[in-house]
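Topology and contacts: notes
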Amino acid sequence: MWWRRGTRVPLPGLRVPPAPLCLGLLLLLCLLMAVGLLHAGLCVGGSWAGCGMGGVIGGGGRGFGWRGKLSPNPSPPVGVEALVQLRRDVALTLMTLAADLRSGRSEGVAEQLEATASLLDPRHQYSHSPHRPPTITRPSYTPPLLTTSTRHGPNTTEQLEGARDRYKGAGSHAANWVPGRRDLVGLDATLHLPLSSQVTVLVDGCATPPHYVVGVVRQAAGTWPGVRVVAGVAEAQRAEVDDVGGLPNVELMTVSCGAGGRGALPDLTPAATTPFALVLSGVSAITRDLDLPRLLSVAVGLQDLGVGVVGGSERGRDGAVDYTCTSLSVHNHVLEAREGYMYSVAACVYCDVTGGSFLAAVSVLRDTPADPALPRPAQALDWALRLQRAGVLTVTCPDVMFHVVREVRARSWGLGKHQQREEKTCSTPEERKTVRAAAWQARRQYRKLAQKWEVSAVVLANGTRLEYTCREVGIECSPQRRARHYTLPPCCLALKGRMLAALDLVSREARLPYNIAAGTLLGALKFHGPLPWDFDDDAHTTARDLHGFMRHTLRLRRLGLSPHLQQQQEKNSDDTTNSSSLSSHGHPPRNNNKNNLIKNLTYVWGSGPGGFSMDLWPRYPLATLASLRALAALPDNLPCLMHAHEPTPIREVRPHPHNASACHLASLVRVGSVWAPAPWNPGRAALYKYGDGLYRHEGHWRWWRGKAWATCPRPGHHACLDLHPLDGSLPFL
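These figures come from a predicted structure and were not determined experimentally.

Cut-offs used in this document
- Residues numbered from 1 in each chain as written.
- Predicted model: local features only at pLDDT ≥ 70, side-chain atom pairs only at ≥ 80, totals over all residues.
- Heavy atoms only, no water.
- Helix = DSSP H or I, 4+ residues; strand = E, 2+ residues; numbered from the N terminus.
- Buried < 20%, exposed > 50% of the residue type's maximum accessible area, 1.4 Å probe, protein only.
- Contact = heavy atoms within 4.5 Å.
- Areas by Shrake-Rupley, 256 points an atom, 1.4 Å probe, with all protein chains shown as cover.
- Axes fitted to C-alpha atoms, helices over the stretch in contact; angles between N-to-C directions.
- Parallel < 35°, antiparallel > 145°, perpendicular 65-115°, else oblique.
- Left-handed = near helix turned anticlockwise from the far one by under 90°.
- Nonpolar A, V, L, I, M, F, W, Y, C, P; charged D, E, K, R; others polar.
- Phe/Tyr/Trp six-rings, centres within 6.5 Å; stacked < 30°, edge-to-face > 60°.
- Lys NZ or Arg CZ within 6 Å of the ring centre and 35° of its normal.
- Patch = residues over 30% accessible without salt bridge, like charges linked within 9 Å, V, L, I, M, F, W, Y side chains within 5 Å.
- Salt bridge = Lys/Arg side-chain N within 4 Å of Asp/Glu carboxyl O.
- Core = buried A, V, L, I, M, F, W, Y, C linked by side-chain atoms within 4.5 Å.
- Polar contact = N/O pair within 3.5 Å; in protein donor to acceptor, adjacent residues only side chain to side chain.
- pLDDT = per-residue confidence, 0-100.
- 1 Å grid on protein atoms, 1.4 Å probe; cavity = no way out; pocket = protein on both sides within 12 Å on 5 of 7 lines; lining within 4 Å.
- Points joined across faces, edges and corners; volume = space filled by probe spheres on them.
- Disulfide = S-S within 2.5 Å.
- Pairing = 2+ DSSP bridges.

Each helix and strand counted, the chain has 23 helices and 27 strands in total. Taking all 733 residues of the chain together, the buried fraction comes to 48%. Counting contacts in the chain only where the partners sit at least 6 residues apart, residues at least 24 apart contribute 68% of the total. If you sum the accessible surface of the chain, you get close to 36000 Å²; carbon and sulfur atoms cover 57% of it.

The structure is reproduced here in structure tokens:
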């Protein structure tokens, strides 16, 4: 071999020994690398020295480069040059990390890779636990200066903070606490600006009945004094809303609603003269649940990350609450929409599609308007896709709640049921019988495969989904043992859902109120179902109704929940020791126990199929219990829940004071197939209890140590928790 005995180079008659040849090649490679480093403007130690125009990217004299060192260059490149330099810097960082790994220097490599990912996409700003700040800084961003005066007005954000509920849960106790403050940038100068100089309210009368438009405009003018309100209505409805045209800072516009559900937003956008606009579409009332300072703080604080639209959750006339967070992808002629999120920030979740009402930058509304030629449902997807292409991000903050005129529960399964009816009517009984036989045959063929690989569902290439019970594939749930290291399979979660379904059915039949809490509420907010690593459910009821449930023990057992009375000594009540139990209408619950200590606490512990359990805790009183005073503080067209389940307009409850105790200021949230009662504003209640990181993930409190998922005893198994990120719901769905 030539490297052992020397070789003949292309020069005739010249033989070079192997050692000098290798040394020469190494010196040549080092020389080329040195020239490249000098050209990039690097000196010994990795600091910038003598950089040219292409050595830094950013604005305001700040940028990033080799290992994130800052550059004093006051004139960074822009446009195509900035993109080219960005690619070069990222490539250089990756090459350096590869060299470190080859040489065995692995310290800091993970942080550098995470920093590079956060540089390319701001949604990747959270790393795996433990989180350390990235060493590569993002391009600096300076929001545009407002042309209005910074003099304090009558409705500053700071003054409105005094009317908001105080956060006294795990975290800050400051009166002016802003959720997600550490993730927000540039708020100090904005918090003291009047809302009238930052936000214009745009009311879409094409999607809102006229009598609701009148109420919304009046409530907006009273809730945010000085803020300009512009309402667009059709010519035929102008006479019905003329009464509010004379209110201060209110302007009525005649718009062309058109056919196909065309909204008034394209005609209203030119009337906005502030940096941001609050778009209200199909809204029935404005209460303190619509926290405008919260939306504004998120929009301003995340503007440098590219966020231009901020939405919230929606509560319908059926008393149900849900939020829209849809992720879109277009690949190979297929547009796919999936419910769920991949990343969270500032107690909000990144989405591609949010609800119909939102706060948006006016520049985004003008540069990327909705397409009026499309029907309203298609407009939302089209607008979201064009925002994606423009690099504008959308977030949804479920703790901000819009009251809407439609029913929320109908949106969840209405389309699916409609498609099922179409398929049933367009096929003959013989065809349906053949389809069922083919499906049964496929289940038999793939059952042993599912059993071998410990899966409870198999999706074939033709889209057929085969689902099995835990018994069919031999899966033993053992939730307390499995949930420490693995996600629970869908068949086990289905068994767990039977407990809540049993409790909910008995609650409706016997008119016994209850509210979900703790991990069950978190699962409803994150996954619209149970947490994939939780082995129990939690609910609250009153002490009297606790024994009411026990009177239906036989009924509960037949449905799959076996209740037992238990006693616990010196149990501190979660909802009486901090203000996270603030009722959603803003008043703290009454507490008859001054010491907040119950020496003999009686509660119900229920066992369910598969080894799951449920805790039903008494509360004194139930936080959602209404009163005439609380009902008087809300618009009378909003529904409360009679006996915690039946939506009833408040106007029908007020004339009968004896019914106020049966009407609960609660909302229905989706937990799998069950719409269970929860606090009035579920997102806010969970935020006040768990803090900014509630949409990130933690293991069960029995095993969680504040670091990462526990190390899986079977490395590489598809259900290992340590293979999943600590943020996002889509990786678990």
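Continuing now.
A separate point is the packing of helix α17 (residues 518–527) against helix α23 (residues 682–690). Their axes nearest at 10 Å, the elements α17 and α23 cross at an angle of 125 degrees. Judged by the inter-axis angle, α17 sits oblique to α23. α23 is crossed by α17, and the crossing has left-handed handedness. Of the residues in α23, those touching α17 at A518, G519, L521, L522 and L525 are P682, G683, A686 and Y690. By residue class, the composition of the contact of α17 with α23 is 7 nonpolar, 2 polar and no charged.

Relative to the helices and strands, A320 is located in the loop between β8 (307–315) and β9 (321–323). Overall, the relative accessible area of 0% leaves A320 in the buried class. When the C-alpha positions of A320 and L668 are compared, they lie 4.2 Å apart, and in sequence the two are 348 residues distant. In contact with A320, not counting residues within four places along its chain, are E314, R315, V408, R409, L668 and W675.

Another point: the packing of aromatic side chains. Here a ring pair, both rings aromatic, is described through the centre-centre distance and the interplanar angle of the planes. By the definition in use, this model includes 7 aromatic pairs. Centre to centre, the rings of F527 and W533 are 6.0 Å apart; their planes meet at 85 degrees, and the pair counts as edge-to-face. On the accessibility criterion, W533 (3% relative accessible area) is buried. Taken together, F527, W533, W709 and F732 form an aromatic cluster joined through their ring pairs. The ring centre of W680 lies 4.0 Å from the NZ or CZ of R315, which sits over that ring. The positively charged end of K689 is found above the aromatic ring belonging to Y690, 5.8 Å away from the centroid.

This paragraph deals with a nonpolar patch on the surface. Nonpolar side chains collect at one region of the surface, where V330, L335 and L381 lie side by side and expose about 250 Å² of accessible area between them. Note on placement: V330 falls in strand β10 (residues 326–331).

Turning our attention to the nonpolar core. Core analysis: the biggest nonpolar cluster contains 78 residues, and V203, W224, L278, L280, L359 and F402 have the highest contact counts within it. C470, L493, L522 and V674 belong to the second largest nonpolar core, which has 72 residues in total.

Structurally, D537 is set in strand β19 (residues 536–541). Overall, D537 belongs to the buried group, its relative accessible area being 6%. At 3.2 Å, the side chain of D537 and the side chain of T520 are in polar contact. Setting aside residues up to four positions removed in sequence, D537 forms contacts with K496, M499, L500, T520, S613, M614 and D615.

In the predicted model, the chain carries a mean pLDDT of 75, and the fraction of residues at 70 or more is 72%. Note that pLDDT drops below 50 for residues 126–174; the model gives that stretch 122 contacts with residues more than four away or on any other chain. For residues 413–423, every residue scores under 50 in pLDDT, and the model assigns this stretch 1 contact once sequence neighbours within four places are set aside.

Per the counting criterion, the structure on display carries 7 cavities of 30 Å³ or more. Within this model, the largest cavity holds a volume of roughly 80 Å³. Lining the largest cavity, in full, are S313, V321, D322, Y323, P398, A524, L525, H528, V669, R670, P682 and G683. Elements represented by at least two residues in the lining of the largest cavity include exactly β9, α17, β26 (666–671) and α23. Residue contributions to the lining of the largest cavity peak at 3 residues, all from β9. In the lining of the largest cavity, the residues fall into 7 nonpolar, 3 polar and 2 charged.

Here we take up the state of the cysteines. Summed over the entire model, instances satisfying the criterion amount to 6 disulfides. Two residues, C325 and C351, share a disulfide whose sulfurs are 2.0 Å apart. Across the S-S bond linking C325 and C351, the dihedral sits near -105 degrees, which makes this disulfide left-handed. With a gap of 26 residues between them, C325 in the loop between β9 and β10 and C351 in strand β13 (residues 348–351) connect regions that are remote in the sequence. With its sulfur 1.5 Å from that of its partner, C640 forms a disulfide with C663. Of this pair, C640 sits in strand β23 (residues 639–642) while C663 sits in strand β25 (residues 663–664); the two residues are 23 residues apart in sequence, bridging distant segments of the chain. Of the residues examined, C640 reaches a relative accessible area of 0% and is grouped as buried.

Along the chain, R555 falls in helix α19 (residues 553–559). Taking relative accessible area as the criterion, R555 reaches 28% and is therefore assigned partly exposed. Between the C-alpha atom of R555 and that of L503, which follows or precedes it by 52 residues, the distance is 9.8 Å. Here E509 takes part through its side chain, which lies 2.8 Å from a polar atom of the side chain of R555.

Further remarks concern the pattern of salt bridges. Applying the stated criterion across every chain yields a total of 13 salt bridges. Residue R409 is joined to D318 by a salt bridge in which the shortest nitrogen-to-oxygen separation is 3.6 Å. One end of the pair, R409, is in helix α12 (residues 409–425); the other, D318, is in the loop between β8 and β9, with 91 residues separating them in the sequence. In the salt-bridge network here, residues are joined through shared partners; they are K496, D534 and D537.

This brings us to the sheet that holds β23. Strand pairing in a sheet takes place through backbone hydrogen bonds and is either antiparallel or parallel in direction. A sheet is described by the order of its strands in space; here 3 strands give the open sequence β24-β23-β25, paired in antiparallel fashion. The open sheet has two edge strands, β24 (646–649) and β25, and neither has a second partner. Summarising the sheet, β23 and β25 pair through 2 bridges and their orientation is antiparallel. Across the sheet, residue M642 finds its bridge partner in β25, namely C663.

So, about the pairing of β8. Counting buried residues along β8, 9 of its 9 residues qualify, which places the element largely inside the surrounding structure. The pairing of β8 with strand β14 (residues 358–361) spans 3 bridges and is antiparallel. Bridge pairing links V310 to L359 in β14. As paired elements, β8 and β9 share 3 bridges and run antiparallel to each other. Across the sheet, the residue bridging to R315 is V321, located in β9. Counted between consecutive antiparallel strands, the loop separating β8 from β9 contains 5 residues, among which G319 sits at a positive phi close to 80 degrees.

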